[in-house]
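These are the residues of each chain, in order.
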Amino acid sequence: MALADMMSFLSSTAFEAISLVWMELAMFAVAAVVYVAVVGLPQVGPKKRAKKPGYEDSASNEAEETYKKWQQVKKGKAELSGATGLYLVLTSMRQLKKSPSEIESELRSGLDAAKHLLPDLEALPATLLRDDAVDLLPPVLQVLQDVGKRAEVTVYASLMAAQLRRRDFAGVNLTASKLPEDVLTPKMHAILATTAAHRQKLDDALRYLQLLPSDAGRILTPSAAAQIMSLAQREQRAPEILEELLRIGVQPQEKTDSNAELQRAVTTIKAYVKNKDLPSATATFNRLKKNGVVMRPQVYNCFLDACVQCNDIEASLLLFEEMKQLGFVDVVSYNTLLKGYLAAGRMTDARDLVQQMSSRGLSANKVTYNELLNAKVAARDRVGMWRIVEEMLSAGLKANLITCSILLKSLTQHSAESDLARVLKLINSVEEPIDEVLFSSIIEACIRIKKLETLSDFIEHYKTKGLFKNISAPVYGAMIKAFGEAGHLHQVRELWAQLQRHNVKPTAITIGCVVEALVINKQGEEAWQLVQDQLQYPDRKSMINTVVYSTVLKGFAVSKRIDKVLAVYKEMRNNGIACNTITYNTMLDACAKCGCMEKASMLLEDMRETSIDPDIITYSTIIKGYCLAGDVERAFSVLEEMKRDGHFTPDEIMYNSILDGCTKQRNVSEALRVLEEMKASGIKPSNYTLSILVKLLGNARRLGQAMQMVEDLSEQHGLKPNIQVYTCLIHACFQNRRFERALGVYETMIKEGCHADEKFYAVLARGCVQLHQPLKAVEVIKAAYRLQSSLPHGPRVVGVEGLEEILLKISKDEPAAADALRSELGGRGVGKSWHGPKVMGGPSRQRRRDA
């Protein structure tokens, strides 16, 4: 019994210490905010202090802005910054007083509109538990469960423990009901037994006790055992309960000491404060004093916090004076009252209290500085943020893991290089070992600011320290995706290997990220092999879904490997993987690009058999394929079929594909008919349409009609011809041997402010040579390089695609002029070596993008 009493005393003392630390942490945070608001930090000019907005107004405005952004995300018009962004969305909903059901509905609609949010949602439970935001956790867990991504059992256990601490007994039972009975852990059964005792349901408590193993004494706390035993005694069933408690190794206390009574009082007051029930909290506090219990500062601080949180500043002041007389006032007390003054708008009193704190030698600690830092980061005050860090270091306090995590949140794509370097320097100076939370934060920050070289160095430095085994599959997926998009294929492979070495179970999204990274780096064969490898794992087979296979198909379609496309398709059908419209559109696009439209008929038949409806992209792809194959009649047939069906209206892409097909067949009359139909349908021609028509009419030797077409369509539809249109016009002029007309088009283009590119000048110069005007070709090249020329030039040096080849042709008729031009160009650093025919320059950036 003595041993049990001693253990009880130690447990009570530990709880008391933890309560004290918790209260001090919270109060220091408040002191930090007020310290800045009232006196603390240097400010520029006296007006700045007067213009500070209220904390509540600022937080409310920020919450509304975040919620508005969330609505844009659901519409596909904005993006969130990973799991951190989604966390801010949830907290903004809480600030806007959204109910759990409303938050759940928002998350569902967000996932429906943006499937890529799922990995961020999967990462949220750990963050919410870490930040003690347990009220936001139930809707998140429900949505995850409904989409087949139920969180780990440990998350549910942590939630139940948090709900029990808050005396949310209904919440405990509701959380447990979300899981099958056979997955409930002993810890969960202990929580449920304690909950049942609090709800005066002894039979339920006994049932859960009987489910505990014989060595569960360490799981059921002494206070919980005492609660159950007390209920059993009232119902005269003590022997029955005592037998179960002894079986699991728990020796219930027969009497309580003052420490236990103080602990219960603190817990009860906090529970009442949660519901803003100050009268009940006051009654608990007064009853404690009346019972003759030796009072301690932490109990007074707890009740003082209750008065402040319930907005009773007068009661707070009376209690504070009593605490002064008792000698119980400490830094926690001052910080709590400061919070009350700030909430009541009594800024003068707050300033006086801050001065009083300073006069008592109460110095800020790491918690204070971290809260100050967090406020500056939230306000995006970069200068203020680093000023606080400097003050913290000057005070002899070193940064800790929390300091670094806060600073990492401040980093964005627009952050200065020096900011990242300073944060990393602080991380390296931290005395505590880096934990998985900070490790993940560093990874997320590097990805967010697109500093993958830094991330590579970081991974290389820490991969031998065992931290990677604690990284989750979603974080691996995010890293793999980022490195894949940057073309760092070796890092993609290394991360995938590390994931498997550390026995981290990948999710379907993680596998999808690896496959996509390989595909976008033109490693389709490797991506397909990886998919086949995953099919060999029973627990991963279900992760190989339509999206993963569609990515593999896309890779082979881009590389024009129609044989591989059809082989993957066959494998999908053999494995029972359903194809959707996107899958079929990808394969149809491959057929079009590879000139295998005979395969398209088979795919369309499969679509009909599986009841997959075509969309506008399906029709557009088929039409393009037939036009590329020269079968314009078949393309027209598909277009008419779609119009008869009535589900879709032809768009510009379809009409441009048919016009391009007419150009290949040199069928001018049919192309002009399609143009009229296009305009009659209300579809506005584009510059791409103009380019096709100019090319067609130029080939048909109808230069005048081509020039008039550009003029008419530009005027009718508000088009401004771009460089592609002008290039086609110049080419048409030379096709029709109209040299002067070509130069006129060039001068008009320069006058209109359209910037030429390397290909344009190449077409113009070659045309001059072909029409036996080599000296004029020299002038064209000079204009391209902004040398002295008889022709106008654009605002910048452009260059000429295939320059040396053109110079060789000029040399045949005008060798002296060619040599002089070479010399002049060499003086500008162009073409240092002229040995042999070489092509200078290359396709312009704009044309590469258009291609």
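## Details of the overall build of the chain
Phase 1 of the analysis: Along the backbone of the chain there are 46 helices and zero strands.
Phase 2 of the analysis: The buried share of the chain, reckoned over its 851 residues, is 48%.
Phase 3 of the analysis: For the chain, the accessible area works out to roughly 41,800 Å², and carbon and sulfur atoms hold 52% of it.

## With respect to the pattern of salt bridges
Phase 1 of the analysis: Taken as a whole and assessed by the stated rule, the structure comprises 32 salt bridges.
Phase 2 of the analysis: The residue Arg422 makes a salt bridge to Glu390 at a minimum N-O spacing of 3.2 Å. On the criterion of sequence distance, the pair formed by Arg422 in helix α23 (residues 417-429) and Glu390 in helix α21 (residues 382-394) is long-range, its members being 32 residues apart.
Phase 3 of the analysis: On the accessibility criterion, Arg422 (31% relative accessible area) is partly exposed.
Phase 4 of the analysis: When the shortest N-O distance is used, the salt bridge between Lys664 and Asp660 registers 3.1 Å. Pair noted here: Lys664 and Asp660 are both in helix α36 (residues 652-665), with a separation of four residues, about one helical turn.
Phase 5 of the analysis: Each of Glu640, Lys643, Glu670, Arg673 and Glu677 takes part in one network of salt bridges that share partners.

## Remarks on α36
Phase 1 of the analysis: With 14 residues, α36 extends 20 Å between its outermost C-alpha atoms, agreeing within 8% with the 20 Å of an ideal straight helix rising 1.5 Å per residue.
Phase 2 of the analysis: The buried fraction of α36 is high, at 10 of 14 residues.
Phase 3 of the analysis: Of the surrounding secondary structure, the elements contacted by the buried residues of α36 are α34 (616-628), α35 (632-645), α37 (668-680) and α38 (687-699).
Phase 4 of the analysis: Phi turns positive one or two residues past the end of α36, at Arg666, with a value near 55°.

## A few points about the packing of α37 against α38
Phase 1 of the analysis: One way to put it is that α37 packs onto α38 with a least axis distance of 11 Å and a crossing angle of 155°. Classified by the angle their axes make, α37 and α38 are roughly antiparallel. Read as a crossing pair, α37 and α38 show a hand that is left-handed. Between α37, through Val668, Ala671, Leu675 and Met678, and α38, the contact on the second element is made entirely by Thr689, Leu693, Leu696 and Leu697.

## A few points about the packing of aromatic side chains
Phase 1 of the analysis: Enumeration according to the criterion identifies nine aromatic pairs in this entry.
Phase 2 of the analysis: Each member of the aromatic cluster is reached from another via a ring pair, and the members are Phe285, Tyr300, Phe303 and Phe328.
Phase 3 of the analysis: Sitting above the plane of the Tyr208 ring, Arg207 keeps its charged end 4.5 Å from the centroid.
Phase 4 of the analysis: Arg422 extends its terminal NZ or CZ atom over the ring of Trp386, reaching a point 4.0 Å from the ring centre.

## So, α23
Because an α-helix packs 3.6 residues into every turn, residues spaced three or four apart end up facing the same way.
Phase 1 of the analysis: Helix length check: α23, at 13 residues, gives a terminal C-alpha distance of 19 Å against a target of 18 Å (1.5 Å per residue), a fit within 8%.
Phase 2 of the analysis: Buried within α23 we find Asp419, Leu420, Val423, Leu426 and Ile427. Seen along its axis, α23 keeps its buried residues to an arc of 125°; they face one direction. Across from the buried face of α23, at angles greater than 90 degrees, the exposed residues are Glu417, Lys425 and Asn428.

## Section: the nonpolar core
Phase 1 of the analysis: Core analysis: the largest hydrophobic core is formed by 167 residues, its most contacted members being Tyr746, Phe760, Tyr761 and Ile781.
Phase 2 of the analysis: In this view, Tyr761 contacts Tyr746, Ile750, Ala756, Val780, Ala783, Ala784, His793, Gly794, Val798, Gly799 and Val800; residues no more than four positions away in its chain are not counted.
Phase 3 of the analysis: Of all hydrophobic cores here, the second largest spans 65 residues; its members include Trp70, Leu80, Leu117 and Val143.

## Points about the state of the cysteines
Phase 1 of the analysis: Using the criterion set out here, one finds zero disulfides in the structure.
Phase 2 of the analysis: Free of any disulfide, Cys302 has its nearest neighbouring cysteine sulfur in Cys307, separated by 10.0 Å.
Phase 3 of the analysis: Using a relative accessible area of 4% as the deciding quantity, one classes Cys302 as buried.

## Points about unusual backbone geometry
Phase 1 of the analysis: Phi angles above zero are rare outside glycine, and Lys276 is one such case at about 55°.
Phase 2 of the analysis: Residue placement: Lys276 occurs in the loop between α14 (258-274) and α15 (278-290).
Phase 3 of the analysis: Here the phi dihedral of His772 falls at roughly 60°; this positive angle occurs in a residue that is not glycine.
Phase 4 of the analysis: Within the secondary structure, His772 is located in the loop between α42 (758-770) and α43 (774-784).

## Side note on the packing of helix α33 (residues 597-609) against α34
Phase 1 of the analysis: Close contact between α33 and α34 brings their axes to 10 Å; oriented N to C, the two are set at 160°. When the axis of α33 is compared with that of α34, the two are roughly antiparallel. The two elements α33 and α34 cross, and the hand of that crossing is left-handed. Residues Met597, Ser601, Leu604 and Met607 of α33 touch α34, and the partners they reach there are Thr618, Ile622, Gly625 and Tyr626.
Phase 2 of the analysis: Classifying every residue of the contact of α33 with α34 gives five nonpolar, three polar and no charged.

## A few points about the confidence of the model for the chain
Phase 1 of the analysis: Within the chain, residue pLDDT values average 80, and 84% of them lie at 70 or more.
Phase 2 of the analysis: Throughout residues 1-57 the model reports pLDDT below 50, and contacts reaching past four residues in sequence, or to other chains, amount to 76 contacts.

## Here we look at the environment of Ile692
Phase 1 of the analysis: The residue Ile692 is located in helix α38 in this model.
Phase 2 of the analysis: Residue class for Ile692 comes out buried when judged on its relative accessible area of 4%.
Phase 3 of the analysis: For Ile692 and Val725, which are 33 residues apart along the polypeptide, the C-alpha to C-alpha distance reads 8.5 Å.

## Considering the side chain of Asp589
Phase 1 of the analysis: Tracing the backbone shows Asp589 in helix α32 (residues 581-594).
Phase 2 of the analysis: With relative accessibility at 18%, the residue Asp589 sits in the buried group.
Phase 3 of the analysis: Non-local contacts of Asp589, meaning those with residues more than four positions away in its chain, are made with Thr621 and Lys624.

## A look at the environment of Leu124
Phase 1 of the analysis: Note that Leu124 resides in helix α6 (residues 118-130).
Phase 2 of the analysis: With 40 residues separating them in the primary sequence, Leu124 and Thr84 have C-alpha atoms 8.4 Å apart.

## Re the environment of Gly524
Phase 1 of the analysis: By the element assignment, Gly524 lies in helix α29 (residues 524-534).
Phase 2 of the analysis: Given the relative accessible area of 12%, Gly524 is considered buried.
Phase 3 of the analysis: Remark: the alpha-carbon pair of Gly524 and Leu553, spanning 29 residues in sequence, is separated by 8.4 Å.
Phase 4 of the analysis: In contact with Gly524, other than residues within four places in its own chain, are Leu518 and Phe556.

## A word on the side chain of Asn585
Phase 1 of the analysis: Looking at the element boundaries, Asn585 is found in helix α32.
Phase 2 of the analysis: Among the residues examined, Asn585 registers a relative accessible area of 8% and is labelled buried.
Phase 3 of the analysis: In this structure the side chain of Asn585 is engaged in a polar contact, spanning 3.1 Å, whose partner is the side chain of Asp615.

Conventions adopted
Residues numbered from 1 in each chain as written. Predicted model: local features only at pLDDT ≥ 70, side-chain atom pairs only at ≥ 80, totals over all residues. Heavy atoms only, no water. Helix = DSSP H or I, 4+ residues; strand = E, 2+ residues; numbered from the N terminus. Buried < 20%, exposed > 50% of the residue type's maximum accessible area, 1.4 Å probe, protein only. Areas by Shrake-Rupley, 256 points an atom, 1.4 Å probe, with all protein chains shown as cover. Salt bridge = Lys/Arg side-chain N within 4 Å of Asp/Glu carboxyl O. Expected span 1.5 Å × (residues − 1). Contact = heavy atoms within 4.5 Å. Axes fitted to C-alpha atoms, helices over the stretch in contact; angles between N-to-C directions. Parallel < 35°, antiparallel > 145°, perpendicular 65-115°, else oblique. Left-handed = near helix turned anticlockwise from the far one by under 90°. Phe/Tyr/Trp six-rings, centres within 6.5 Å; stacked < 30°, edge-to-face > 60°. Lys NZ or Arg CZ within 6 Å of the ring centre and 35° of its normal. Arc of directions from axis to C-beta. Core = buried A, V, L, I, M, F, W, Y, C linked by side-chain atoms within 4.5 Å. Disulfide = S-S within 2.5 Å. Nonpolar A, V, L, I, M, F, W, Y, C, P; charged D, E, K, R; others polar. pLDDT = per-residue confidence, 0-100. Polar contact = N/O pair within 3.5 Å; in protein donor to acceptor, adjacent residues only side chain to side chain.

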